[in-house]
Amino acid sequence: MSKMHVKLTVNGQEVEGLAEPRTLLIHFLRENLNITGPHIGCETSHCGACTVDMNGKSVKSCTLFVAQANGADVTTVEGLVNEDGSLGVLQEMFREHHGLQCGFCTPGMITRAHRLLQENPAPTEEEVRFGMAGNLCRCTGYQNIVKAILASADVLNAQKEAAE
Ligand code: FES
Ligand code: FES
C-alpha cells in the first residue's frame, strides 16, 4: 500500500513520517516515534489505555488513523511532565495516592484526567468517576485514581489562585 506523508506536533515537537492510510495513530506514536507510554488494551475502543490529547480533546488513539491527525497537536503522558522534567501534578498525585499498580492504564488515565480537569477544574467525585468512564483499570478498583484526580484538582486550583 502506498504511504502518505504526515506531519504533526507531538508533545510540542514537530514530527513527520510516512504511514499507510490504514496506520492507526497509536501505532504511529509507538512504532514510528517510539512514544510508548500510550498502550493498547483492546480492539473495541473500550479500555482507553491509548488515550492521548488531540487539539484539546481526549481521543482514543486506537480508533483514529494517523492521517486524521495530520497537522494536529497531540500530547501524550510523556508531555505532561514539568518543564524541568520533574513529574507533573497529576503524575505526582497518582504516585502519592497510589493510583496505579501495573501501570498499564496509567498513561491513558493521566492524559484523560489532564483534559478532564480543564473541562471541569473542580469536579465532584461523581463527576470524576463519570469523566473517567472511558478508561478501564484492572488493578486499582478506581478508588485511588479518583483520589489522585481530586487531589490534583486541589493542587492545580491552589497554584492558579497563588498566581493571580
Ligand atoms: S486500545 Fe483500548 S480503547 Fe484504545
Ligand atoms: S494500574 Fe493496572 S490496569 Fe490500571
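Criteria and thresholds
- Residues numbered from 1 in each chain as written.
- Chains lettered and ligands numbered in written order.
- Predicted model: local features only at pLDDT ≥ 70, side-chain atom pairs only at ≥ 80, totals over all residues.
- Heavy atoms only, no water.
- Helix = DSSP H or I, 4+ residues; strand = E, 2+ residues; numbered from the N terminus.
- Buried < 20%, exposed > 50% of the residue type's maximum accessible area, 1.4 Å probe, protein only.
- Pairing = 2+ DSSP bridges.
- Contact = heavy atoms within 4.5 Å.
- Axes fitted to C-alpha atoms, helices over the stretch in contact; angles between N-to-C directions.
- Parallel < 35°, antiparallel > 145°, perpendicular 65-115°, else oblique.
- Left-handed = near helix turned anticlockwise from the far one by under 90°.
- Nonpolar A, V, L, I, M, F, W, Y, C, P; charged D, E, K, R; others polar.
- Core = buried A, V, L, I, M, F, W, Y, C linked by side-chain atoms within 4.5 Å.
- 1 Å grid on protein atoms, 1.4 Å probe; cavity = no way out; pocket = protein on both sides within 12 Å on 5 of 7 lines; lining within 4 Å.
- Points joined across faces, edges and corners; volume = space filled by probe spheres on them.

Trainee: Now, about unusual backbone geometry: what can you tell me, with residues and values included?
Mentor: Backbone geometry places S45, a non-glycine residue, at a positive phi of 70°. Looking at where S45 falls in the secondary structure, it is placed in the loop between α1 (25–32) and β3 (51–54). Given the relative accessible area of 29%, S45 is considered partly exposed. The phi angle at H98 is positive, at roughly 55°, despite the residue not being glycine.

Trainee: I'd like a description of the pairing of β3, backed by residues and values.
Mentor: Neither face of β3 is open: one carries T51 and D53, the other V52 and M54, and all of them are buried. Here β3 runs beside strand β4 (residues 57–60); their pairing, made up of 4 bridges, is antiparallel. Across the sheet, M54 pairs through a bridge with K57, a residue of β4. Remark: 2 residues form the turn of the hairpin made by β3 and β4, two consecutive strands paired antiparallel; N55 in that turn has positive phi of roughly 50°.

Trainee: Outline the environment of V52, supporting the account with residue identities and numerical values.
Mentor: Considering the arrangement of structural elements, one finds V52 in strand β3. Taking relative accessible area as the criterion, V52 reaches 0% and is therefore assigned buried. Between the alpha carbons of V52 and P107 there is a distance of 8.4 Å; along the sequence they are 55 residues apart. Those residues in contact with V52 that sit more than four places away from it in its chain are L25, L29, P38, K57, S58, V59, S61, V74, T75, T76 and T111.

Trainee: Describe the packing of helix α2 (residues 89–96) against helix α5 (residues 143–163), and please don't skip the residues or the numbers.
Mentor: Where α2 meets α5, the axes come as close as 8 Å, and the angle between the chain directions of the two elements is 135°. Judged by the inter-axis angle, α2 sits oblique to α5. Where α2 crosses over α5, the two elements pack in a sense that is right-handed. For the pair α2 and α5, the contacting residues are V89, L90, M93 and F94 in the first and I145, A148, I149, A151, S152, V155, L156 and Q159 in the second. Of the residues that constitute the contact of α2 with α5, the class distribution is 10 nonpolar, 2 polar and no charged.

Trainee: I'd like to hear about the nonpolar core, residue by residue, with values.
Mentor: With 21 residues, the main nonpolar core has L90, F94, M109, I110, M132, I145 and I149 as its most contacted residues. It is α5 that provides the largest number of residues to this core, a total of 6 residues. When neighbours within four sequence positions are excluded, F94 is seen to be in contact with G99, L100, T106, M109, I110, I145, A148 and I149. Of all hydrophobic cores here, the second largest spans 17 residues; its members include L8, A19, M54 and V74.

Trainee: Residues and numbers for the layout of surface pockets, please.
Mentor: Empty space left among the atoms is revealed by rolling a probe the size of a water molecule over them. Estimates place the volume of the largest pocket at around 350 Å³. Lining the largest pocket we find 18 residues, and of these V89, L90, H114, Q118 and L156 sit closest to its centre. Going through the elements one at a time, α2, α3 (106–119) and α5 are the ones with two or more residues in the lining of the largest pocket. Per element, the largest residue contribution to the lining of the largest pocket is 5 residues, and it comes from α5. Of the pockets and cavities examined, the second largest pocket occupies roughly 230 Å³. Around the second largest pocket, the lining residues are G41, C47, A49, C102, F104, C105, L136, C137, R138 and C139. Here the lining of the second largest pocket is built from residues that sort into 8 nonpolar, 1 polar and 1 charged.

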